[in-house]
Amino acid sequence: MLNRLLPEAVTEDVFKQLHQELSIDASWTINYVVLTISSCLIATFGLISNSTAVIIGAMIIAPLMLPFRGLAFGALEGDLILFRKALGAIAGAAIIALVLSWLTGRIAGIPEYGSEVLSRTQPNLVDLGIAVVAGGISSFAKTRERISDALAGVAIAVALMPPLCVVGLSLSQGIWSFSLGAFLLYVTNLLGITLACMLVFIVAGYTKVNHALSWTFGFTALLFLPLGVSFWELARQARLQATINNTLVRRVEAGLGTIVGAGLGTKFRYSQITEKQNPP
């Protein structure tokens, strides 16, 4: 039973195939650049118009997840070529997204944004959990032959492009608090996805534990303080809102009871006066 639970060492051919695929995914190609630009513009327009449907469209075509797996694998294997290639693709896409969203925000000149922007400026521990699960699904799909990468890509891209566009839009209007919150969300997603990819590659038997995993754990742990504070504030606001709602409901019910009681009393007195004036 224990042997079944432990990961089996993969063959050299399978290892080389995965390495080649990750290297291709992490490459700076024309397809990657075009998809990044398209996803950024669609997400930016969706954030400006506060349209969830448009933002979902940007999530579907966003290619940002592809180099994340190469980054995790290259760090674990100590493969500097793959690591630098993946890091360059991630940094290049981030710069493109920030510049395009900033320019779009300057041209549009909208001073205030809707709920879609606001929802990405206050990350918490829930967002970290989503990133970890999404990263695990993506890397698991990469190591399995019969699972489509599209399924994992759609689930993961949701967490990457919109926060970067929120950073650019916020900077275009000088809203520094929004930009810092959205950037924290992006960093949370980056570390959560990378950590999950590392764990899956280790469990699947493609690589072994090394210092890269420890460093990733350490950087992720540093996020627990700001994310925990944000989560506590969110829970406090939810409890406060629930208390206010319950108080309002009780007061409304009490007011309705008073009105109904007064109405019944008036009706009763009116009936008594009527009976005195018109005895049967």
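Cut-offs used in this document
- Residues numbered from 1 in each chain as written.
- Predicted model: local features only at pLDDT ≥ 70, side-chain atom pairs only at ≥ 80, totals over all residues.
- Heavy atoms only, no water.
- Helix = DSSP H or I, 4+ residues; strand = E, 2+ residues; numbered from the N terminus.
- Buried < 20%, exposed > 50% of the residue type's maximum accessible area, 1.4 Å probe, protein only.
- Polar contact = N/O pair within 3.5 Å; in protein donor to acceptor, adjacent residues only side chain to side chain.
- Contact = heavy atoms within 4.5 Å.
- Axes fitted to C-alpha atoms, helices over the stretch in contact; angles between N-to-C directions.
- Parallel < 35°, antiparallel > 145°, perpendicular 65-115°, else oblique.
- Left-handed = near helix turned anticlockwise from the far one by under 90°.
- Nonpolar A, V, L, I, M, F, W, Y, C, P; charged D, E, K, R; others polar.
- Core = buried A, V, L, I, M, F, W, Y, C linked by side-chain atoms within 4.5 Å.
- pLDDT = per-residue confidence, 0-100.
- UniProt positions renumbered as here; feature names shortened; annotations may be inferred.
- Phe/Tyr/Trp six-rings, centres within 6.5 Å; stacked < 30°, edge-to-face > 60°.
- Salt bridge = Lys/Arg side-chain N within 4 Å of Asp/Glu carboxyl O.

Named according to an unreviewed UniProt entry, the chain is Conserved domain protein originating from Coleofasciculus chthonoplastes PCC 7420.

**Student:** Help me get a handle on the side chain of Thr207, residues and values and all.
**Tutor:** Examined against the element boundaries, Thr207 turns out to sit in the loop between α11 (176-203) and α12 (211-222). The class for Thr207 is buried, based on a relative accessible area of 8%. Of the polar contacts made by the side chain of Thr207, one reaches the side chain of Glu77; its length is 2.6 Å. Setting aside residues no more than four positions away along its own chain, Thr207 makes contact with Leu76, Glu77, Phe201 and Ile202.

**Student:** So what's going on with the packing of helix α10 (residues 161-172) against α11? Which residues, and what values?
**Tutor:** Taken N-terminus to C-terminus, the directions of α10 and α11 make an angle of 160°; their axes are 8 Å apart at the nearest point. Here α10 lies roughly antiparallel to α11, going by the angle between them. As α10 runs across α11, the sense of the crossing is left-handed. Across from Pro163, Leu164, Val166, Val167, Ser170 and Leu171 in α10, the residues of α11 making contact are Trp176, Phe178, Ser179, Ala182, Phe183, Leu185, Tyr186 and Asn189. Looking at the contact of α10 with α11, its residues break down into 11 nonpolar, 3 polar and no charged.

**Student:** Got a sec to walk through the nonpolar core? Specific residues and values, please.
**Tutor:** In terms of nonpolar packing, the biggest core is built from 48 residues, with Met161 and Phe201 touching the most fellow members. Among the elements that line this core, the one with the most residues is α11, at 8 residues. With near-sequence residues (within four places) excluded, Met161 lies in contact with Thr36, Ser39, Cys40, Ala43, Ala62, Leu64 and Ala97.

**Student:** Could you give me a rundown of the confidence of the model for the chain, with the residues and numbers involved?
**Tutor:** Averaged over all residues, the pLDDT of the chain is 81; the fraction at 70 or higher stands at 82%. Per-element confidence in the chain is highest for helix α6 (residues 80-108), whose mean pLDDT is 92, and lowest for helix α1 (residues 2-5), whose mean pLDDT is 50.

**Student:** Hey, could you go over the UniProt feature "transmembrane region" (unreviewed entry) in the chain for me, with residue numbers and the actual values?
**Tutor:** Here the UniProt-annotated "transmembrane region" (unreviewed entry) positions come out as residues 28-48, 55-76, 82-103, 147-171, 183-206 and 212-232. Each end of residues 82-103 is marked by a C-alpha atom, and these two atoms are 32 Å apart; helix forms 100% of the span and strand 0%. Note that residues 183-206 is 88% helix and 0% strand, and that its end C-alpha atoms are spaced 32 Å apart.

**Student:** Which residues make up the packing of aromatic side chains, and what values go with them?
**Tutor:** All chains considered together, the criterion is met by 4 aromatic pairs. Measuring from centroid to centroid gives 5.6 Å for Phe15 and Phe73, while their planes differ by 45°, and the two rings are tilted. In this pair, Phe15 is assigned in helix α2 (residues 12-25) and Phe73 in helix α5 (residues 65-77), connecting sequence segments 58 residues apart. Here Phe73 falls in the buried class, since its relative accessible area comes to 0%. A network of ring pairs unites the aromatic residues Phe15, Phe73 and Phe201 as a single cluster.

**Student:** How would you explain the pattern of salt bridges if you had to name every residue and give the values?
**Tutor:** Taken as a whole and assessed by the stated rule, the structure comprises 4 salt bridges. Two residues, Asp25 and Arg69, come together in a salt bridge whose shortest N-O distance is 3.5 Å. Of the two residues, Asp25 is situated in helix α2 and Arg69 in helix α5; the sequence distance between them amounts to 44 residues. For the pair Asp25 and Arg69, one class covers both residues: buried. Among the ionic pairs, Glu116 bridges to Arg120, the shortest N-O distance being 3.0 Å. Glu116 sits in the buried class, given a relative accessible area of 13%.

**Student:** Residue-level account of the side chain of Arg120, with values.
**Tutor:** Along the chain, the position of Arg120 falls in the loop between α7 (115-118) and α8 (125-143). For Arg120, a relative accessible area of 11% puts it in the buried group. A distance of 2.8 Å separates a polar side-chain atom of Arg120 from the backbone oxygen of Glu116.

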